[in-house]
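Given next are the chains, with one letter for each unit.
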Amino acid sequence: MELRVNIKDHAYDIILMRGALDEVGKYLDLNRKVLIVTDAGVPEEYAKKVLSQAKDGFVVTVNQGEESKSLDTYKKILEYMVEKSFTRSDCVVAVGGGVCGDLAGFVASGYMRGIDFYNIPTTLLSQLDSSIGGKVAVNLGGVKNIVGAFYQPKRVIIDPNTLKTLDKRQTMAGLCEGIKMAATMNKELFELIEDSKDLEKDLDTIILESLKLKKAVVEEDPTEKGIRKVLNFGHTIGHAIESHESLGGLLHGECVGLGMLPLASSNACKRIKAVLEKYSLPTKIDVKASDLIDYIRRDKKAKGDTVTLVYVNALGTYEFINKDISEIEKIISEGIL
Ligand SMILES: NC(=O)c1ccc[n+]([C@@H]2O[C@H](COP(=O)([O-])OP(=O)(O)OC[C@H]3O[C@@H](n4cnc5c(N)ncnc54)[C@H](O)[C@@H]3O)[C@@H](O)[C@H]2O)c1
């Protein structure tokens, strides 16, 4: 299955196919220097498959987790590319989850003012969401994704077979981004996730339908000037939860799931909560709302004291609401504490 993302001057294809990684050289131009960026938690065999099909390949394995989305790691990778004499006609390939994709994409965007970037996402979150749309970034000063760029991949290869090695908690956390898109834009997809009797069997459909939703949004608004903000449903509060030190054990997707609950009508919230519970995702946290507010204030989406939030009144629809930071504290207390 191929999906074309039509972004002006930067159209690219997404190949969604079980087994695609085994013949990745068929889909990507690896007949040059290829820098493969992976992390220590991604099974080595995936990067090796790309390496074995590259003419002149190099693998950089960063530590797993958010800590690798840093300027420090970014610099080390760029230094390595300089040392290996990468040129403008060479390429960078991410093999891993959203951390590898965001980091490697930012590296590709910066090296010689931009070289080809291929993304091979291997987590559910990255397959149905983060690998398309061109947002690449690292974190700084405890603020997520604060330094980055819009940089479109040249091609994205999604091989759901790679999800067989992903642990259940990561899979469920990734599903949250699918729930997010379904809750805001596609009631049928929400119901598919809500009623699924065999998630593994339904995953290909969930990935494809989520990608279609994201594709439509990023085509219309590639640089988040307007409707793309719908993808932030759950993220404003979710990022605050993720940044809060004492909640450091929660995964990005889990935080997004929690962040959705205070921003849905009581009926929509009830159903989102039931879906989160069905997939063993957290629906309550133990923290003071006032502590989260500080993070929201620092979040790049806050303009002055007003924050634009995505709100779901009826499932499959959304609206943007502007709220004063002081009001958000109350919303959080009522929703997830
Ligand atoms: N760019 C975007 O549009 C966008 C959108 C959403 C999220 N994100 C970012 O994505 C990141 C989260 O991504 P993630 O959830 O994929 O986390 P991740 O990249 O940290 O991967 C999760 C864990 O799974 C391991 N892993 C990856 N693939 C595996 C596989 N196939 N088998 C076994 N283990 C595997 C990794 O080593 C890691 O430990 C966050 O930094 C978030 O900010 C970006």
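None of the values given here were measured: they were computed from a predicted structure.

A. Expanded view of the overall build of the protein. Scanning the protein from N- to C-terminus turns up twelve helices and twelve strands. Against the 2.2 N^0.38 benchmark of 20 Å for 337 residues, the protein shows a C-alpha radius of gyration of 19 Å, consistent with a compact globule. Overall size of the protein, expressed as C-alpha extent along the three principal axes, is 55 × 40 × 35 Å. Across the 337 residues in the protein, those meeting the buried criterion constitute 57%. Residue pairs at least 24 apart in sequence account for 72% of intrachain contacts in the protein once pairs closer than 6 positions are excluded.

B. Representation of the environment of Arg228. By the secondary structure assignment, Arg228 is in the loop between α7 (199–220) and α8 (235–243). The class of Arg228 is buried, set by a relative accessible area of 2%. Linking Arg228 and Ala216, residues twelve residues apart in sequence, is a C-alpha distance of 9.4 Å. A distance of 2.7 Å separates the side chain of Arg228 from the backbone oxygen of Pro222, its partner in a polar contact.

C. Region of the structure containing the side chain of His235. Looking at where His235 falls in the secondary structure, it is placed in helix α8. Residue class for His235 comes out buried when judged on its relative accessible area of 8%. Within the structure, the side chain of His235 is placed 3.3 Å from the side chain of Glu177, a separation counted as a polar contact.

D. Representation of the site of the ligand. The environment of the ligand is formed by 27 residues, the closest being Asp39, Gln64, Glu66, Thr122 and Thr123. A distance of 3.4 Å separates an oxygen atom of the ligand from a polar atom in the backbone of Val42. Between the ligand and Glu66, the relevant distance is 2.4 Å, taken from an oxygen atom to a side-chain nitrogen or oxygen of the residue. Within the complex, 90% of the 870 Å² of free accessible area of the ligand lies under protein. Of all the elements in the fold, those that place two or more residues in the shell around the ligand are α3 (98–110), α4 (124–130), β8 (143–150) and α5 (168–185). Looking at which domains feed residues into the shell around the ligand, each of domain 1 (2–165) and domain 2 (168–336) supplies at least three.

E. Spatial organisation of the domain arrangement of the protein. For the protein, the assigned domains are domain 1 (2–165) and domain 2 (168–336). Relative to domain 2, the C-alpha centre of domain 1 lies at a distance of 25 Å. Counting from both sides, the interface comprises 28 residues of domain 1 and, opposite them, 32 residues of domain 2. For the pair domain 1 and domain 2, the summed buried area comes to about 2,600 Å², and 66% of that belongs to carbon and sulfur atoms.

F. Structural detail: the pairing of strand β9 (residues 155–158). Summarising the sheet, strand β2 (residues 12–16) and β9 pair through four bridges and their orientation is parallel. Considered in β9, the bridge of Asp13 is made with Arg155. The sheet contact formed by strand β6 (residues 116–121) and β9 spans two bridges and is parallel. Across the sheet, residue Tyr118 finds its bridge partner in β9, namely Arg155.

G. Representation of helix α6 (residues 187–195). Burial in α6 covers these residues: Leu189, Phe190, Ile193 and Glu194. Viewed end-on, α6 has its buried residues packed into an arc of 140°, placing them on one side of the element. In the core, the buried residues of α6 are packed alongside α5, α7 and α10 (266–278). Measuring from the backbone nitrogen of Glu188 back to the side-chain oxygen at the start of α6 gives 3.0 Å, which picks out Asn186 as the cap.

H. Here's a closer look at the nonpolar core. With 70 residues, the main nonpolar core has Ile14, Leu175, Ile193, Ile272 and Ile296 as its most contacted residues. The element best represented in this core is α7, accounting for nine residues. Summarising the domain contributions, this core has at least three residues from each of domain 1 (2–165) and domain 2 (168–336). Counting 22 residues, the second-largest nonpolar core is a separate cluster that includes Phe58, Met81, Ala108 and Phe117.

I. Expanded view of the packing of α5 against helix α9 (residues 252–260). Orientation of α5 relative to α9, taken along the N-to-C sense of each, is 40°, at an axis distance of 7 Å. Taken together, the axes of α5 and α9 lie oblique to each other. For the element pair α5 and α9, the recorded crossing hand is left-handed. Every residue of α9 that contacts α5 at Arg169, Ala173, Cys176, Glu177, Ile179 and Lys180 is listed here: His252, Gly253, Glu254, Val256, Gly257 and Met260. Looking at the contact of α5 with α9 residue by residue, the classes come out as five nonpolar, three polar and four charged.

Thresholds applied
- Residues numbered from 1 in each chain as written.
- Predicted model: local features only at pLDDT ≥ 70, side-chain atom pairs only at ≥ 80, totals over all residues.
- Heavy atoms only, no water.
- Helix = DSSP H or I, 4+ residues; strand = E, 2+ residues; numbered from the N terminus.
- Rg over C-alpha atoms; globule rule 2.2 N^0.38 Å.
- Buried < 20%, exposed > 50% of the residue type's maximum accessible area, 1.4 Å probe, protein only.
- Contact = heavy atoms within 4.5 Å.
- Polar contact = N/O pair within 3.5 Å; in protein donor to acceptor, adjacent residues only side chain to side chain.
- Near = heavy atom within 4 Å.
- Areas by Shrake-Rupley, 256 points an atom, 1.4 Å probe, with all protein chains shown as cover.
- Domains from an automatic or database assignment.
- Buried area = accessible area lost by both parts, 1.4 Å probe.
- Pairing = 2+ DSSP bridges.
- Arc of directions from axis to C-beta.
- Core = buried A, V, L, I, M, F, W, Y, C linked by side-chain atoms within 4.5 Å.
- Axes fitted to C-alpha atoms, helices over the stretch in contact; angles between N-to-C directions.
- Parallel < 35°, antiparallel > 145°, perpendicular 65-115°, else oblique.
- Left-handed = near helix turned anticlockwise from the far one by under 90°.
- Nonpolar A, V, L, I, M, F, W, Y, C, P; charged D, E, K, R; others polar.

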